[in-house]
Every structure is written in C-alpha cells, then in structure tokens.
Amino acid sequence: MNILLTGGSGFIGSNLVRLILAERPGWRVVNLDKLTYAGNAENLADLSGNSRYRFVRGDICNGELVADLFRNERFDAVMHLAAESHVDRSILAPSIFIETNVRGTQVLLEAAREFGVKRFLHVSTDEVYGSLGPTGLFTERTPLDPSSPYSASKASSDLLALAYFHTFKLPVVVTRCSNNYGPYQFPEKLIPLMIANAVRDLPLPVYGDGMNVRDWIHVEDHGRGLLAALELGEPGQVYNFGASSERHNIDIVKLVLKLVGKPESLIQYVKDRLGHDRRYAIDSTKAQQKLGWAPRHIFEDALAATVEWYVENRPWWERIISGEYLKYYEKQYGARK
Ligand code: NAD
Ligand code: TYD
C-alpha cells in the first residue's frame, strides 16, 4: 500500500506515521505537510533515509502540487489529517481555518477523484456535533451543530467528503474522534500546556469555572482506530472514536499538578473562551462493533506516562514554544486575567 498521509508532521499524524511503519510492514507513507507553526519536522527526523517514508513539504491547498504528487505516486489510499486544529486560534483568526480545512480538503478530494484511490479517510472531530448537556453521548446520527470556526470548518469538510462519496462514488470514510492526548502534542492544547506551565512554575490558565467536560483518548488508540477505519470501514460511513474517559478540565489540571509535584496555587481562573462548548462525550459502539476496535489505554496511567514524556523531552517543547508561539500566547492569555 502506498499511502498519502497529510499533516504527518503534527501531533496525531507523527504518531500515526510511526504506528504504520511499525505495524504495516508492506506499507509506504508519503507525508504531505506544510510545516505550519504546528508541524515540526523534528518529530520524524529519525526517519530520513527510511525507504518506506517520504516527506514532501507542501500546502494541501496547492492544486498543482497535489495533482503532481498523485500522478507520480499513484496512491492506493489517503489518510487526511492536515488541518488548522486549535479552537482558540480559530476565534482569533478564522480565515486560515476555512482555507486549509475546507478548501484544502476539497483540493485533495478532487485529486483523489481524478486519479482514483481505494480509500479516502477523512479524519474529523466530535466537535462537529456541538455541545452536550449534562447527559447523553454523541452518536454518528447526532445532527451536526458546530459552534466554533474550527468545528464549523471541520463540519464543512466532512460534508464535502461525504458529498464526493454520494456524487462521485469516491470511497470516502469519515472518522470523528474525541480529544487526544499523548507525546508530540503542541503545548497550546490543554494537557501539554498545563504540563509545560506546571514544570516552569507558571500560572495554569483555566477557562471559566473549569467544569467543562472533554472525553479523552490516547493518540495511539486513535491511530489504531484510523487504521481500522481505513482497512475495514465501509465507504460513505462515519465512525466515532472515544475512550469513555470524560473528565472536568479542573480535575485534569489538578491531576497534572499532582503528577508534576507542584501546588494547586498555580491554578489561575481566566476569562472564558467565547462560545465555549460545555461537554463532549462519545459513543463509539459502532466502531467497536463494525471495526473490531477498542481503546487500550487507561486515562490516569496514560496521562502519567504523557507527563513523564514531557518532563523527559523538555528540549523538544522548549524549542517549539519560542518565536511565533510566544506572540500567540501573549495575545491569547495576556489580556485574559
Ligand atoms: P496538529 O495541529 O498537531 O497538526 C496539523 C498538521 O497539519 C501540522 O503538521 C501542520 O503543519 C499541517 N498543516 C496545516 N495546514 C496545512 C496545509 N495547508 N497543508 C499541509 N499541511 C498542513 O493537529 P492534530 O491534533 O494532529 O490533528 C490532526 C487532525 O485530527 C486534524 O484534522 C484534526 O481536526 C483532527 N482531530 C484532532 C483531535 C485532537 O484532539 N487533537 C481530535 C479529533 C480530530
Ligand atoms: P483544547 O485542548 O483547546 O481542546 P478543545 O477545545 O478542542 O476541546 O481545550 C480542552 C478544554 O480545556 C476546553 O474546555 C478548553 C479548556 N482550556 C482551558 O481551560 N485553558 C487553556 O489554556 C486551554 C488551552 C484550554
């Protein structure tokens, strides 16, 4: 199998490239990534020279580049992960989310249609379903009701991908996963941000009352789900992934402080995120039954391992939180207290 994997230099993509190379010996992966602030070539630097891996720096919105790649590589399948992925940035500057997540997805769908592939896996998020009240779970039949520019752009791309199945019979499979955690996550997302701040004795900014709920899944469990969806998913179908690990934000922040060995006095409640979704929770019964998939990691154990990874790999995140990120941090948190 020759796979086009977009966004392979990001958090989920880089973990997925490693998983594929380790567990699918006959596969070759071409990673198309623009290396935005969120993409880091260092994540996969040790793979240079590996004949089963090729890195192409490029923008998924560049139709000519994408068409050339499809023409030359004759891909069997696409795993599409490249995206702008952070809700807070989509509130500060929405346009690039529409460009990359909507336009970029359409460029890839069009190339896949022109050149033909056996599967087009579109990797999406549970955030397209909007926010839940205190009870209930998102199923694949939950109506789309996105609330942020990020989730609206992802919902748009899901609909485009499914439209290419219905209209052109492109064998599209859509996955929607809950919040991921694990190694190589950019420290702007809740868990790595809290770890990096705790380690440096900086305030831990908690939005609102800290009682928003997210449903956490380890990035490797998500990666295994994506492989199962690619290999066993039915075209035109949507599969939810989650690990039934709902936690209040504040409880995660307190757990991180405990694991790092820092006091709760570092917690700083700040102004709430605009339009902040209250609760996400996933029903992954369909993926479990139809794909034979199940999560393997237990949240508290895997969070402890994640904290350990960030403590041991401090140079990795210290390098990437300089420069552009410092400017973002000041804009996002400077005026929030
Ligand atoms: P990330 O921000 O860590 O990585 C995104 C990658 O895409 C980066 O390497 C970046 O350089 C690349 N990229 C961005 N714009 C590009 C463009 N125009 N052309 C080519 N490459 C581009 O994101 P992530 O957390 O790894 O998420 C990957 C995918 O999974 C996204 O589609 C996201 O919506 C989805 N997802 C994420 C989560 C989560 O909890 N992180 C949960 C469910 C779904
Ligand atoms: P995030 O990691 O941005 O993921 P998403 O918004 O896509 O679910 O945020 C997870 C939760 O943590 C969300 O409810 C917002 C909250 N949060 C904070 O309280 N403080 C922060 O500094 C960040 C980044 C997030």
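1. Re the overall build of the protein
The helix and strand inventory of the protein stands at twelve helices and twelve strands. For a compact globule of 337 residues, the expected C-alpha radius of gyration is about 20 Å, and the protein comes in at 19 Å, within 12% of that figure. The principal-axis extents of the C-alpha atoms in the protein amount to approximately 55 × 45 × 35 Å. Out of the 337 residues in the protein, the part that is buried amounts to 57%.

2. Quick notes on the site of ligand 1
Around ligand 1, 28 residues are found, and the nearest of them are Ile 12, Asp 33, Ser 85, Tyr 150 and Lys 154. A distance of 2.9 Å is found between a nitrogen atom of ligand 1 and a side-chain nitrogen or oxygen belonging to Asp 59. A distance of 2.7 Å is found between an oxygen atom of ligand 1 and a side-chain nitrogen or oxygen belonging to Lys 154. Burial of ligand 1 by the surrounding chains reaches 97%, relative to a free accessible area of 840 Å². Looking at the shell around ligand 1, the elements that each hand over two or more residues are α1 (11-23), β5 (119-125), α5 (149-168) and β7 (179-181). Top contributing element to the shell around ligand 1 by residue count: β5, with three residues. Looking at the shell around ligand 1 residue by residue, the class counts come to eleven nonpolar, 13 polar and four charged.

3. Topic: the sheet that holds strand β3 (residues 53-57)
Spatially, the seven strands line up as an open sheet ordered β3-β2-β1-β4-β5-β6-β10, and their pairing is parallel. Only two strands of the sheet have a single partner each, and these edge strands are β3 and β10 (238-241). The sheet shows a mean angle of 20° between the axes of neighbouring strands, direction not considered. Each of β1 (2-6), β2 (28-33), β3 and β4 (77-80) is contacted by helix α2 (residues 63-73), which is oriented at about 170° to β2, the strand it contacts most. Relative to β5, helix α4 (residues 95-115) is tilted by about 165°, and along the sheet it contacts β1, β4, β5 and β6 (172-177).

4. Considerations on the site of ligand 2
Glu 127, Arg 214, Arg 273, His 276 and Tyr 333 are the nearest of the 20 residues found near ligand 2. The contact in question runs from an oxygen atom of ligand 2 to an N or O atom on the side chain of Arg 273, over 2.5 Å. His 276 is positioned such that a nitrogen or oxygen atom in its side chain is 2.7 Å from an oxygen atom of ligand 2. In isolation ligand 2 exposes 510 Å². Once the protein is present, 97% of that is buried.

5. Some words on helix α6 (residues 190-199)
Among the ten residues in α6, nine count as buried, and that is most of the element. All of the buried residues in α6 are Ile 191, Pro 192, Leu 193, Met 194, Ile 195, Ala 196, Asn 197, Ala 198 and Val 199. Backbone geometry just after α6 places Asp 201 at a positive phi near 60°.

Scoring rules and cut-offs
Residues numbered from 1 in each chain as written. Chains lettered and ligands numbered in written order. Predicted model: local features only at pLDDT ≥ 70, side-chain atom pairs only at ≥ 80, totals over all residues. Heavy atoms only, no water. Helix = DSSP H or I, 4+ residues; strand = E, 2+ residues; numbered from the N terminus. Rg over C-alpha atoms; globule rule 2.2 N^0.38 Å. Buried < 20%, exposed > 50% of the residue type's maximum accessible area, 1.4 Å probe, protein only. Near = heavy atom within 4 Å. Polar contact = N/O pair within 3.5 Å; in protein donor to acceptor, adjacent residues only side chain to side chain. Areas by Shrake-Rupley, 256 points an atom, 1.4 Å probe, with all protein chains shown as cover. Nonpolar A, V, L, I, M, F, W, Y, C, P; charged D, E, K, R; others polar. Pairing = 2+ DSSP bridges. Axes fitted to C-alpha atoms, helices over the stretch in contact; angles between N-to-C directions. Contact = heavy atoms within 4.5 Å.

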